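This is what each chain is made of:
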Amino acid sequence: MKIRMQQPVKVVVEHDLAKSIMEILKLEDKRRVMVVLDQFLMGVPAVQEMLAEMDEKGIETAVYSKIVPDPPASVINKGAEAMKNFGADCVIAIGGGSCLDSAKGIDIVASNGDSRDILDYVKDESLIRDFKCLISVPTTAGTGSEMSNALVVTDETTHEKNAILSDRILSDYALLIPELTLSLPKRQTIASGLDVFSHAAEGYLSNLSSPVADAISEKIMFLCANYLPKAVAAGQNIEYRERMMVAANLAGWILNQSGTIVAHSEAHILGSKYHFVHGEAVAYALPSVLEMSASVLPKKVEEIGKILGAEFTGDETPDEIGAITKQAYLKFRDEQVGLHPFSDYGVSNEELAKNADEVLHERFAGNTFFELTKEKVTALLKHFG
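Residues numbered from 1 in each chain as written. Predicted model: local features only at pLDDT ≥ 70, side-chain atom pairs only at ≥ 80, totals over all residues. Heavy atoms only, no water.

Enquirer: Sorry, what's going on with the overall build of the protein chain here?
Expert: The helix and strand tally for the protein chain stands at 15 helices and eight strands. Expected size for 385 residues packed as a compact globule is a radius of gyration near 21 Å; at 20 Å, the protein chain falls within 12% of this value. Projected onto its principal axes, the C-alpha coordinates of the protein chain cover approximately 65 × 50 × 45 Å. When each of the 385 residues of the protein chain is scored for burial, the buried share is 58%. Across the protein chain, contacts joining residues at least 24 apart in sequence account for 78% of those joining residues at least 6 apart. On the protein chain, the mean spot of the 37 positive side-chain charges and the mean spot of the 55 negative ones are 2 Å from each other. (Helix = DSSP H or I, 4+ residues; strand = E, 2+ residues; numbered from the N terminus. Rg over C-alpha atoms; globule rule 2.2 N^0.38 Å. Buried < 20%, exposed > 50% of the residue type's maximum accessible area, 1.4 Å probe, protein only. Contact = heavy atoms within 4.5 Å. Lys, Arg positive; Asp, Glu negative; His and termini not counted. Charge placed at Lys NZ, Arg CZ, Asp CG, Glu CD.)

What follows is the structure, encoded as structure tokens:
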């Protein structure tokens, strides 16, 4: 029997970072902690309070604050060396998806064998045997990396984004502190929130989906439709931030169950080449993917449209359902949420279409429910935006 839904990560929603971390460390009996974050977060009062509290309570702490967006292998490898030399028995990761992914990679390399390179585990995930306790504290409501069994690392030689997938690298705890997202700039709130919606929509349309996962995906899309515009407009509202944080967390769980489809493949390939913001890239890719998916999953695409406020008579053809849902998503994305136009990047769709073969063979493209061909991917890229 294949189990389609499992959730081993302990999820905690709290409002005091220092107190919550100390409670978890006491519960898990951890005394030597590696904190992984970026340099900006070092100056955040909540983080400073956490470090001071850990020091006061006698927790030995090493801080690695060299994390950068789209983490390159060298940053992860250096962090792993620091963790191994320190002898940490626990990792606390604080930050966005890049930080949480980096922490997973650091933990992998430090905890397994003699390898000093995270890219070895890209080539052979079976090398992952040990993994130290990981407490993931997201500061964005987007990637869901605190729940997912994946990490993405950039190969500096090829500039490719490579994924590692393993249930061995799940966080032990996902600690959600909505106050940490209050200072998130509007553009990042938009991008990360649209990434959440894409995780749910793509999982819903994936050939790995299941009835239970679908019900959760529907709720995630509902939360995004109702609270992302509000979080963008009123970023200091704790209720809106908490609702989006929970949506992102659930969407990270759905990533483990249903995966993503070709829209994320487009974002991974194009993002690494043209430096598109990931959450924006999936949002530019999704409209045409929704439209194309209607030919094989009209009921699901119609449900997405209804969640977004579209109205249907019940007599629509699959093509009409696709068109209606696409327009509902565009209204949500561009008018209600306020994503900036793709033309701002200054890259033509003809240029994007040159990447059709790479997108077709990207790791997650195989989860797409409809049959993908180079011609179909080319059409998607010509309508990206």
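Additional details are given in the paragraphs that follow.
Enquirer: Looking at this structure, how should I read the UniProt feature "domain: Fe-containing alcohol dehydrogenase-like C-terminal" (unreviewed entry) in the protein chain?
Expert: The residues that UniProt annotates with the feature "domain: Fe-containing alcohol dehydrogenase-like C-terminal" (unreviewed entry) are residues 189-383. What you have in residues 189-383 is 70% helix and 0% strand, and the ends, taken at the C-alpha atoms, are 25 Å apart. (UniProt positions renumbered as here; feature names shortened; annotations may be inferred.)

Enquirer: In this structure, what is going on with the side chain of lysine 104? I would like to understand it.
Expert: Relative to the helices and strands, lysine 104 resides in helix H4 (residues 97-111). Of the buried charged residues, lysine 104 lacks a salt bridge, with aspartate 101 as the closest side chain of opposite charge at 4.3 Å. Once residues lying within four places of it in the same chain are set aside, the contact partners of lysine 104 are Phe131, Leu134, Ser145, Ser148, Ala150, Leu151 and Ile169. (Salt bridge = Lys/Arg side-chain N within 4 Å of Asp/Glu carboxyl O.)

Enquirer: Is there a simple way to think about a negative patch on the surface in this case?
Expert: Taken together, the side chains of Glu14, Asp16, Glu23 and Glu49 define an acidic patch exposed on the protein surface. Locating aspartate 16 in the fold gives a position in the loop between strand E1 (10-13) and helix H1 (17-28). (Patch = residues over 30% accessible without salt bridge, like charges linked within 9 Å, V, L, I, M, F, W, Y side chains within 5 Å. Areas by Shrake-Rupley, 256 points an atom, 1.4 Å probe, with all protein chains shown as cover.)

Enquirer: What's the story with the pattern of salt bridges in this structure? I'm lost.
Expert: Opposite charge on two side chains allows them to pair when their charged atoms are near. Tallied over the full model, the rule gives ten salt bridges. In this structure, the salt-bridge partner of glutamate 358 is lysine 273, at a minimum N-O distance of 2.7 Å. Of this pair, glutamate 358 sits in helix H14 (residues 356-360) while lysine 273 sits in helix H9 (residues 262-274); the two residues are 85 residues apart in sequence, bridging distant segments of the chain. Taking relative accessible area as the criterion, lysine 273 reaches 41% and is therefore assigned partly exposed.

Enquirer: Where do I start with the pairing of strand E3 (residues 60-64) in this structure?
Expert: Remark: a regular strand shows side chains that alternate across the two faces of the sheet. Bridging between strand E2 (residues 32-36) and E3 involves five bridges; their strand directions are parallel. Considered in E3, the bridge of valine 33 is made with threonine 61. (Pairing = 2+ DSSP bridges.)

Enquirer: I would appreciate a short explanation of the packing of helix H11 (residues 298-307) against helix H12 (residues 318-337) in the present structure.
Expert: Think of two packed helices as two axes; the pair is described by the angle between the axes and how far apart they sit. Where H11 contacts H12, the axes come no closer than 9 Å and their chain directions differ by 25°. As summarised for this structure, H11 and H12 are arranged roughly parallel, according to the angle between their axes. Crossing of H11 over H12 shows left-handed handedness. Contacts between H11 and H12 pair Pro298, Val301, Glu302, Ile304 and Gly305 from the former with Pro318, Ile321, Gly322, Thr325 and Ala328 from the latter. (Axes fitted to C-alpha atoms, helices over the stretch in contact; angles between N-to-C directions. Parallel < 35°, antiparallel > 145°, perpendicular 65-115°, else oblique. Left-handed = near helix turned anticlockwise from the far one by under 90°.)

Enquirer: Looking at this structure, I do not really get the sheet that holds E3. What am I missing?
Expert: Paired through backbone hydrogen bonds, the strands of a sheet run either parallel or antiparallel to each other. The six strands lie next to each other as E1-E8-E5-E4-E2-E3, forming an open sheet whose pairing is parallel. Each having just a single partner strand, E1 and E3 make up the two edges of the open sheet. For this sheet, the mean inter-axis angle between neighbouring strands, taken without regard to orientation, is 20°. On the sheet, helix H2 (residues 45-56) packs against E2, E3 and strand E4 (90-95) and is oriented at approximately 165° with respect to E2.

Enquirer: Mind showing me how you'd approach the packing of aromatic side chains here?
Expert: Each aromatic ring pair is characterised by the separation of its centres together with the angle its planes make. Tallying each qualifying case throughout the model produces 13 aromatic pairs. For the ring pair phenylalanine 342 and tyrosine 345, a centre distance of 6.1 Å and an interplane angle of 45° mean the geometry is tilted. According to the relative accessible area criterion, phenylalanine 342 is buried, its value standing at 7%. Seen from their ring centres, phenylalanine 342 and phenylalanine 384 are 5.1 Å apart, and the 80° between their planes marks the pair as edge-to-face. One end of the pair, phenylalanine 342, is in the loop between H12 and helix H13 (349-352); the other, phenylalanine 384, is in the segment after helix H15 (374-382), and 42 residues separate them in sequence. Pair check on accessibility: phenylalanine 342 and phenylalanine 384 agree, each one buried. An aromatic cluster of at least three residues, connected via ring pairs, comprises Tyr274, Phe276, Tyr284, Phe342, Tyr345 and Phe384. Above the ring of tyrosine 173, the side-chain terminus of lysine 10 is found at 5.1 Å from the ring centroid. Positioned over the ring face of tyrosine 227 is lysine 230, at 5.2 Å from the centre of the ring. (Phe/Tyr/Trp six-rings, centres within 6.5 Å; stacked < 30°, edge-to-face > 60°. Lys NZ or Arg CZ within 6 Å of the ring centre and 35° of its normal.)

Enquirer: Looking at this structure, I do not really get the environment of valine 12. What am I missing?
Expert: Along the polypeptide, valine 12 turns up in strand E1. Residues contacting valine 12, with those up to four places away along its chain left out, are Tyr173, Ala174, Leu175 and Leu176.

Enquirer: Would you take a moment to explain helix H7 (residues 211-233) for this structure?
Expert: With 23 residues, H7 should reach 33 Å at 1.5 Å per residue; the first-to-last C-alpha distance of 34 Å fits that figure. The largest bend along H7 reaches roughly 40° and is located at tyrosine 227, with the proline proline 229 sitting one to four residues downstream. (Expected span 1.5 Å × (residues − 1). Bend = angle between axes of the 7 residues up to and from the residue.)

Enquirer: Can you walk me through the packing of helix H6 (residues 186-204) against H9 in this structure?
Expert: Running from N to C, H6 and H9 cross one another at 135°; their axes reach a closest spacing of 9 Å. Taken together, the axes of H6 and H9 are oblique relative to one another. Taken together, the residues of H9 that come into contact with H6 (itself represented by Asp195, Ser198, His199 and Glu202) are Val262, Ala263 and His264. Partitioned by chemical class, the residues of the contact of H6 with H9 number two nonpolar, three polar and two charged. (Nonpolar A, V, L, I, M, F, W, Y, C, P; charged D, E, K, R; others polar.)

Enquirer: Teacher, can you tell me more about unusual backbone geometry here?
Expert: As a rule of thumb, non-glycine residues mostly have phi less than zero, and peptide bonds are mostly trans rather than cis. Of note in this structure, aspartate 70 is not a glycine but carries a positive phi near 45°. Tracing the backbone through its elements, the reader meets aspartate 70 in the loop between E3 and helix H3 (73-86). Overall, the relative accessible area of 40% leaves aspartate 70 in the partly exposed class. In this structure, histidine 159 is a non-glycine residue whose phi angle is positive, near 65°. A relative accessible area of 54% places histidine 159 in the exposed class.

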